[in-house]
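Understanding the architecture of this molecule
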Amino acid sequence: MTTMKFLKGLILSVNKVKIGKKVPEFSLASTGNKTVKLSDLKGKNIVIYFYPKDATPGCTIEGQNFRDNIRKFSSRNTIVLGVSRDKMISHDKFKKNQK
């Protein structure tokens with residue numbers, strides 16, 4: 001799945017989201033050649049943050065802040081998903097450089 005196709009699908013899903021109602025099922029490509037499905041995250045809190053481009057100063061700081069606080073999120077049964085329109089190879093490289 002291309003990132004743009006995913007983003008279009010996510011936007012369509014988000015447009016259907018109503019407070020107090022279930023979010024429609026979605027899946028998205030993830031780093032490490034994985035796929036994340038909403039149904040696999042049942043019972044967890046989810047933070048989805050959007051950023052314009054990998055490896056830019058502001059986006060790097062934002063991603064590092066999530067990374068540095070991931071234990072706090074995990075202790076609250078929360079996962080963090082970052083989304084941009086970059087290609088997956090760019091995401092993998094960015095993630096590797098930020099460990």
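Residues numbered from 1 in each chain as written. Predicted model: local features only at pLDDT ≥ 70, side-chain atom pairs only at ≥ 80, totals over all residues. Heavy atoms only, no water.

Along the backbone of the protein chain there are 4 helices and 4 strands. Sequence-ordered secondary structure for the protein chain, helices as α and strands as β, is α-β-β-β-α-α-β-α. Across the 99 residues of the protein chain, 28% fall into the buried class. Sequence-distant contacts, at least 24 apart, represent 62% of the contacts inside the protein chain between residues at least 6 apart. (Helix = DSSP H or I, 4+ residues; strand = E, 2+ residues; numbered from the N terminus. Buried < 20%, exposed > 50% of the residue type's maximum accessible area, 1.4 Å probe, protein only. Contact = heavy atoms within 4.5 Å.)

On inspection of all chains with the given rule, the structure shows 2 salt bridges. In this structure, the salt-bridge partner of R67 is D68, at a minimum N-O distance of 2.9 Å. The exposure class of R67 is partly exposed, given its relative accessible area of 36%. Relative accessible area serves as the criterion here: at 54%, D68 is assigned to the exposed category. (Salt bridge = Lys/Arg side-chain N within 4 Å of Asp/Glu carboxyl O.)

Compared with the 16 Å implied by 1.5 Å per residue over 12 residues, the 16 Å span of helix α2 (residues 57–68) between its first and last C-alpha is a close match. The inward-facing, buried residues of α2 contact β3 (45–50), α3 (70–75), β4 (78–83) and α4 (88–97). (Expected span 1.5 Å × (residues − 1).)

On the surface, I46, I48 and F50 cluster together into a nonpolar patch covering about 240 Å² of accessible area. Along the chain, F50 falls in strand β3. What makes F50 partly exposed here is its relative accessible area of 48%. (Patch = residues over 30% accessible without salt bridge, like charges linked within 9 Å, V, L, I, M, F, W, Y side chains within 5 Å. Areas by Shrake-Rupley, 256 points an atom, 1.4 Å probe, with all protein chains shown as cover.)

Another aspect to go through is the environment of F73. Its place among the elements puts F73 in helix α3. By relative accessible area, which is 22% here, F73 ends up partly exposed. Taking the C-alpha atoms as reference points, F73 and I46, 27 residues apart in sequence, are found 9.4 Å from one another. Sequence-distant contacts of F73, defined by excluding residues within four places in its chain, comprise V47, F66, T78 and V80.

Further remarks concern the confidence of the model for the protein chain. Taken residue by residue, the protein chain gives an average pLDDT of 82. The fraction at 70 or more is 83%. Least confident of the elements in the protein chain is helix α1 (residues 3–15), whose mean pLDDT is 55; most confident is α3, at 95. (pLDDT = per-residue confidence, 0-100.)

Below, the discussion takes up the nonpolar core. The biggest cluster of nonpolar side chains holds 6 residues, and these are F26, L28, V36, L38, L41 and L81. Not counting residues up to four positions away in its chain, the partners in contact with V36 are F26, S27, L28, S30, L41 and L81. Y49, Y51, F66 and V80 belong to the second-largest nonpolar core, a separate cluster that totals 5 residues. (Core = buried A, V, L, I, M, F, W, Y, C linked by side-chain atoms within 4.5 Å.)

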